[in-house]
Amino acid sequence: MSFHPRMPYGEGWHKSDRQLPEEGPPFAYSDENRRRFEDIAAHYPPEQRKSAILAALYIAQEQQGYVSRHVIRHVAQVIGCTPADVEDVVTYYVMFFTKPVGTYVLQVCRTLSCALNGAERVTDEICKHLHVRPGETDATGTFTVQEFECLGACDRAPVVMINNEHWQEHQRPEDIPRFLEDLRRRGLSALSGCHLVPAGEREPR
Amino acid sequence: MAQFEPVLTRYVKEPGSYTLDFHVQHGGYEAMRKAVAMTPDAIIDELKKSGLRGRGGAGFPTGMKWGFVPKDNPKPKYLLINADESEPGTFKDHVLLERNPHLLFEGCVIGCRAIGAKVCYIYIRGEFYHMQRQLEAEIAKARAAGYLGPNILGSGQDCEIYVHRGAGAYEAGEETALIESLEGKRAQPRIKPPFPAVVGLYGCPTVVNNVETVCNVPPIIERGAAWFAAIGPEKNQGPKLFCVSGHVKRPGTYEAHMGITLRELIYDYAGGIRNDRKIKAIIPGGSSVNVILPDKLDTQASFDALVAAGTMLGSAACIVMDETTDMVWAAKNLIHFYKHESCGKCTPCREGVDWLYKILDKISRGDGEMRDIDLLLNVCNNIGGKTLCPFGDAEIAPVVSTIQHFRHEYEAYIKQGIATPADYRSASPAGAH
């Protein structure tokens, strides 16, 4: 018998919101990735290895494609902290995928400057074309669509980031079918690149 | 258009402006050479005299901030560069990092000299990975040339610069949250005091500065505080980067002094409004400041003048909305951003912003009631000033100011019971030709 009064909220009120990543296959860094991690960890004082936690997760994500519970345990062991410390970080930051994603993750900026330039229609067109909702991966496993908050390139609105690092600027909603087809066929070289520096070049246009 | 000789962005459009060779050929690292021969106090004095104010949003005097670092503290000291540029509408540090990184490194060395630090971390937002690789390559080159690393140019000053990549958290732009994130935790703010100048990264004295602020330091050292103080209006001196985006013909980063007006910024620099429409509203300092009406167009874009006009310069990100913009939709868009980015530490912010979004969503679906407008203001009143960091004040600005200026639009939604029209969703992007 609870000492709380009866709550009118119905089922699920006391349900935890804890969202665990997938268990995934067994994971350990490759030798080269382990070396890369140690190089980055050397940037911080020896007793502050935890500072390298984001870098450790990026490297793991690069190796496996997403962050699983196995990754969390391995990273905790490599850094010397608890898996809870790592899970805390993984579930806070938006750039870690906690389940498998497509080859290209399309991260469409949805915040005001991009929205004023038609970002909502960009997302709509992509979703319509791929038959998915934001957050989902298409049937072929090629594209995952995500809505992102301000990407910091508002002068090039609307902006789409791909796989956390590649950029496509001035994405017209009406060009989406061609853009997806190009990306499928030519890969990342189909992208416009970021800001003053187009992909594959080093100079402003 | 006011004539202004760019200082920070003078060479950004030239090929190879990001390289070490280019920087050295154009007088780079001279300020650093001068500074490493100066005493820390002399550097801080020069900054205080220049009147340089932080460019991240709060406008706090940089010389004073550096002066707060205790000299007798035996712990190591740290300089952190805040390159977590996430304020909606802001993309000024983007240009500096991409096209003028050595100016930043030079500023970092001078900063380290002034506060007695030997290590500097550049906290770059996760989305700027392409820049991190370039920054690290340039750091390695500068280090090989003796401009960074141990015993810089034989002066006895050490400075190591490391780039730390975040992973997508707006809140990491707040200085104590940035420190938490760098320590490998969630980016959530700390209670102040103690201030980072006394207890910061790893419990050591720490200074957190914006990229643009630090980029202003080498020119001050090189050309003198008097030169800097003569640029722009009193107490708002120095070159400033302004980002103009939204419904303008030429969105972009423009460098000017803070004596220019919003009208000059929008019409002269950014080319005016697309399709020659009228302006409906302006957000002059990133999404966290109050929306103002076009009757304030002749206000100076300076820290003090914009505060007098009821808003703030913030990160100098001017988002312009034309007469076709639906202000309830715009407020809802920004509240979606804040709802997503609230770090969850303080209850008023975490719960309040969720309620703001729910009520705005209800209104924009056409299901609103008249009392919802007052309910919105009531919720805002319970968030503002009641949180550890300025996020709480930031998230209520779009709601309070749009209700203040565009209450009739909220009422129209409620009275007519219509949802946001689907055809509102805006047309082709400005820059796509």
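Residues numbered from 1 in each chain as written. Chains lettered and ligands numbered in written order. Predicted model: local features only at pLDDT ≥ 70, side-chain atom pairs only at ≥ 80, totals over all residues.

J.: Account for the overall build of chain B, with residues named and values stated.
T.: From N to C terminus, chain B includes 17 helices and eight strands. Relative to a compact globule of 433 residues, whose C-alpha radius of gyration would be 22 Å, chain B shows 22 Å and is just as compact. In terms of overall dimensions, chain B has C-alpha extents of about 75 × 45 × 40 Å along its principal axes. Burial status across chain B gives 57% buried among its 433 residues. (Helix = DSSP H or I, 4+ residues; strand = E, 2+ residues; numbered from the N terminus. Rg over C-alpha atoms; globule rule 2.2 N^0.38 Å. Buried ≥ 20, exposed ≤ 12 C-beta atoms within 10 Å, placed from the backbone.)

J.: How would you sum up the overall build of chain A? Please name residues and give values.
T.: If you tally the helices and strands in chain A, you get seven helices and four strands. Going from N to C terminus, chain A has its helices and strands arranged as α-α-α-α-β-α-α-β-β-β-α. When each of the 205 residues of chain A is scored for burial, the buried share is 42%. In chain A, of all internal contacts separated by at least 6 residues, the share reaching a separation of at least 24 is 60%. (Contact = placed C-beta atoms within 7 Å.)

J.: Mind laying out the domain arrangement of chain A, listing which residues take part and the relevant values?
T.: One frequently used descriptor of interface size is the decrease in accessible area upon assembly of the parts. According to the domain assignment, chain A contains domain 1 (31-90) and domain 2 (104-190). Put simply, the middle of domain 1 of chain A and the middle of domain 2 of chain A, counted by C-alpha atoms, are 29 Å apart. (Domains from an automatic or database assignment.)

J.: Talk me through the interface of chain A and chain B; I want residue IDs and the actual numbers.
T.: Tallying the contact residues gives 46 residues for chain A and 54 residues for chain B. Those elements that provide at least two residues to the side of chain A that touches chain B are α2 (53-64), α4 (83-90), α5 (112-116) and α6 (119-130) of chain A.

J.: I'd like to hear about the nonpolar core, residue by residue, with values.
T.: All names here are of chain B. Counting 191 residues, the largest nonpolar core has L80, C108, V244, L265 and C318 as its most contacted members. Of all the elements, helix α17 (residues 391-416) adds the most residues to this core, at 10 residues. Apart from residues lying up to four places away in sequence, V244 is in contact with P251, G252, Y254, L265, I266, Y269, A270, C318 and V320. (Core = buried A, V, L, I, M, F, W, Y, C linked by C-beta atoms within 7 Å.)

J.: Which residues make up the packing of helix α14 (residues 327-341) of chain B against α17 of chain B, and what are the values?
T.: Helix packing geometry: the angle between the two helix axes and the distance between the axes. Residue and element names in this part refer to chain B. Packing of α14 against α17 brings their axes to within 8 Å, and their N-to-C directions diverge by 150 degrees. Looking at the two axes, α14 sits roughly antiparallel to α17. The interaxial crossing formed by α14 with α17 has left-handed handedness. Along its contact with α14, which presents M327, V328, A330, A331, L334, I335 and Y338, the element α17 presents E395, P398, V399, T402, F406, E409, Y410 and Y413. Among the residues forming the contact of α14 with α17, the class breakdown is 12 nonpolar, one polar and two charged. (Axes fitted to C-alpha atoms, helices over the stretch in contact; angles between N-to-C directions. Parallel < 35°, antiparallel > 145°, perpendicular 65-115°, else oblique. Left-handed = near helix turned anticlockwise from the far one by under 90°. Nonpolar A, V, L, I, M, F, W, Y, C, P; charged D, E, K, R; others polar.)

J.: An account of α4 of chain A is requested, with residue identities and associated values reported.
T.: All names here are of chain A. Every buried residue of α4 is listed here: V86, E87, V89 and V90. Along the axis of α4, the buried residues cluster in a sector spanning 160 degrees; they form a single face. Buried residues along α4 sit against α2 and α3 (69-79). (Arc of directions from axis to C-beta.)

J.: Kindly report on the domain arrangement of chain B, identifying the contributing residues and their values.
T.: All names here are of chain B. Entries for chain B in the domain assignment read domain 1 (20-229), domain 2 (239-322) and domain 3 (327-415). Distance from the C-alpha centre of domain 1 to the C-alpha centre of domain 3: 35 Å. Of the residues belonging to the side of domain 1 that touches domain 3, the class tally is six nonpolar, one polar and three charged.

J.: An account of the pairing of strand β2 (residues 119-124) of chain B is needed here, citing residue identities and associated values.
T.: Residue and element names in this part refer to chain B. The element β2 is extensively covered by neighbouring structure, given that six of its six residues are classed as buried. The alternating pattern of β2 places V119, Y121 and Y123 and C120, I122 and I124 on opposite faces, both of which are buried. As judged from the six bridges shared by strand β1 (residues 78-83) and β2, these two strands associate in the parallel manner. Residue pairing for β2: A83 is matched across the bridge by I124. In this region the chain leaves β2, passes through helix α7 (residues 129-144) and returns to the parallel neighbour strand β3 (residues 160-165); the handedness of that crossover is right-handed. (Pairing = 2+ DSSP bridges. Right-handed = clockwise from strand over helix to strand, strands pointing away.)

J.: Requested: an account of helix α7 (residues 176-186) of chain A, with residues and values cited.
T.: Residues and elements named next belong to chain A. Taken residue by residue, α7 has I176, F179, L180 and L183 as its buried positions. Angular distribution of buried residues about the axis of α7 spans 95 degrees; they occupy a single face of the element. What points out from α7, more than 90 degrees from its buried face, is the exposed set P177, R178, E181, R185 and R186. Positioned one or two residues after α7, G187 has a phi angle of 70 degrees, which is positive.

J.: Please set out the sheet that holds strand β3 (residues 160-162) of chain A residue by residue, giving values where relevant.
T.: Residue and element names in this part refer to chain A. In space, the four strands of this open sheet follow the order β2-β1-β3-β4, with mixed pairing throughout. Two strands in the sheet have a free side with no partner beyond their single neighbour: β2 (143-148) and β4 (166-168). Neighbour-to-neighbour, the strand axes of the sheet open up by a mean angle of 25 degrees, direction not taken into account. In this sheet, β2 lies alongside strand β1 (residues 104-109) in parallel orientation, the contact comprising six bridges. Note that in β2 the partner of C109 across the bridge is F148.

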